[in-house]
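# Structural overview
Take a look at the letters that make up each chain.
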Amino acid sequence: MKRLLLLLCAGALALTGCSTGDDAVAVNNGGEFRFVQGTPRGEVIPEEDRATAPEFGGTLLDGEPFSSTDLAGDVAVVNFWGSWCGPCRVESPEFQEVYADVRDDGVQFLGINVKDTEQLARAFEERFGIEFPSLSDPRGEVALAFRDYPASAVPSTIVLDRESRVAAVYTGAVEEQDLRDVLGMLTAEGE
């Protein structure tokens, strides 16, 4: 019995962290999402090579309806997260800091909460003081809309330019300074 308990604890610990190697680690959540090690700076897409982001919508965690057309005209940070994701616990407070600094500069943030109950997602937002909205996506429908990008890895972040085109893609946690740099570049475009 004691050995079984130790094995269960070890298994739970293995599921709470992400890979430090080059290979992806499957998470026991239906196999739809996985932790991955991201590139240090992600991929910033040159303006001439950007494609229009897919349209999506749903219900925000506060119960309000949402459409991706609400992001039009602003630079937008779309972050796929889950309360069960260790790197999200590090990244989310940093995202909140950046959001607080740029929300009045034509930049919107939108979380896409995956594989969580509403109660777990809202508790996560409260714990980390997250003020930007999050869309509830328990079945991964928004991630599926972004299938041409690595949105099935959590965390993943996709940054859209003012024309709703994909301008940067980050797989894994985003360094705060990298996010600030790409937002500075995108807000300066067209000025």
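Note that the structure is a prediction, hence the values are computed from the model and not measured.

In a regular helix each residue adds 1.5 Å, so 13 residues correspond to 18 Å; helix α5 (residues 176–188) covers 18 Å between its end C-alpha atoms and thus fits that length. Looking at α5, one finds that the buried residues are Asp178, Leu179, Val182, Leu183, Leu186 and Thr187. In an axial view of α5, the angular spread of the buried residues amounts to 155 degrees, which keeps them on one side of the axis. Buried residues along α5 sit against β3 (43–44), β6 (75–81), α2 (86–102), β7 (107–114), β9 (156–160) and β10 (166–171). At the exit of α5 stands Gly190, carrying a positive phi of roughly 80 degrees.

A few words on the state of the cysteines. Within this structure, the stated rule accounts for one disulfide. Linked covalently through their sulfurs, Cys85 and Cys88 form a disulfide whose S-S length is 2.4 Å. Disulfide Cys85-Cys88: the torsion about the S-S bond is 80 degrees, which places it as right-handed.

What follows covers the packing of α2 against α5. In the contact formed by α2 and α5, the axes pass within 10 Å of each other and the chain directions differ by 30 degrees. Between α2 and α5, the crossing angle belongs to the class labelled roughly parallel. Seen from above, α2 lies across α5 with right-handed handedness. Across the interface between the two elements, Glu94, Phe95, Glu97, Val98, Asp101 and Val102 from α2 touch Glu176, Leu179, Arg180 and Leu183 from α5. Within the contact of α2 with α5, the residues separate by chemical class into five nonpolar, no polar and five charged.

So, on to the pattern of salt bridges. Per the stated rule, a full pass over the model turns up 10 salt bridges. In this structure, Arg103 engages Glu131 in a salt bridge whose closest nitrogen and oxygen atoms are separated by 2.8 Å. With Arg103 in the loop between α2 and β7 and Glu131 in the loop between α3 (118–128) and β8 (134–137), this pair connects stretches of sequence that are 28 residues apart. Accessibility expressed as a relative area gives 35% for Arg103, which makes it partly exposed. The closest approach of N and O atoms between Asp161 and Arg165, which form a salt bridge, is 2.8 Å. Across the pair, Arg165 and Asp161 agree in class, each one buried. When salt bridges that share partners are traced, they join Glu47, Arg50, Asp161, Glu163, Arg165 and Glu189 into one network.

In terms of burial, β6 is a largely internal element, seven of the seven residues being buried. With burial as the criterion, each face of β6 is covered, one bearing Val75, Val77, Asn79 and Trp81 and the other bearing Ala76, Val78 and Phe80. Taken together, the seven bridges between β6 and β7 define a ladder with parallel strand orientation. Counterpart to Ala76 in the pairing with β7 is Gln108. The handedness of the β6 to β7 crossover, carried by α2, is right-handed. Pairing of β6 with β9, which is carried by five bridges, proceeds in the antiparallel orientation. Residue Ala76 lies in a different strand from β9, and its bridge partner there is Leu160.

Conventions and cut-offs
- Residues numbered from 1 in each chain as written.
- Predicted model: local features only at pLDDT ≥ 70, side-chain atom pairs only at ≥ 80, totals over all residues.
- Heavy atoms only, no water.
- Helix = DSSP H or I, 4+ residues; strand = E, 2+ residues; numbered from the N terminus.
- Expected span 1.5 Å × (residues − 1).
- Buried < 20%, exposed > 50% of the residue type's maximum accessible area, 1.4 Å probe, protein only.
- Arc of directions from axis to C-beta.
- Contact = heavy atoms within 4.5 Å.
- Disulfide = S-S within 2.5 Å.
- Axes fitted to C-alpha atoms, helices over the stretch in contact; angles between N-to-C directions.
- Parallel < 35°, antiparallel > 145°, perpendicular 65-115°, else oblique.
- Left-handed = near helix turned anticlockwise from the far one by under 90°.
- Nonpolar A, V, L, I, M, F, W, Y, C, P; charged D, E, K, R; others polar.
- Salt bridge = Lys/Arg side-chain N within 4 Å of Asp/Glu carboxyl O.
- Pairing = 2+ DSSP bridges.
- Right-handed = clockwise from strand over helix to strand, strands pointing away.

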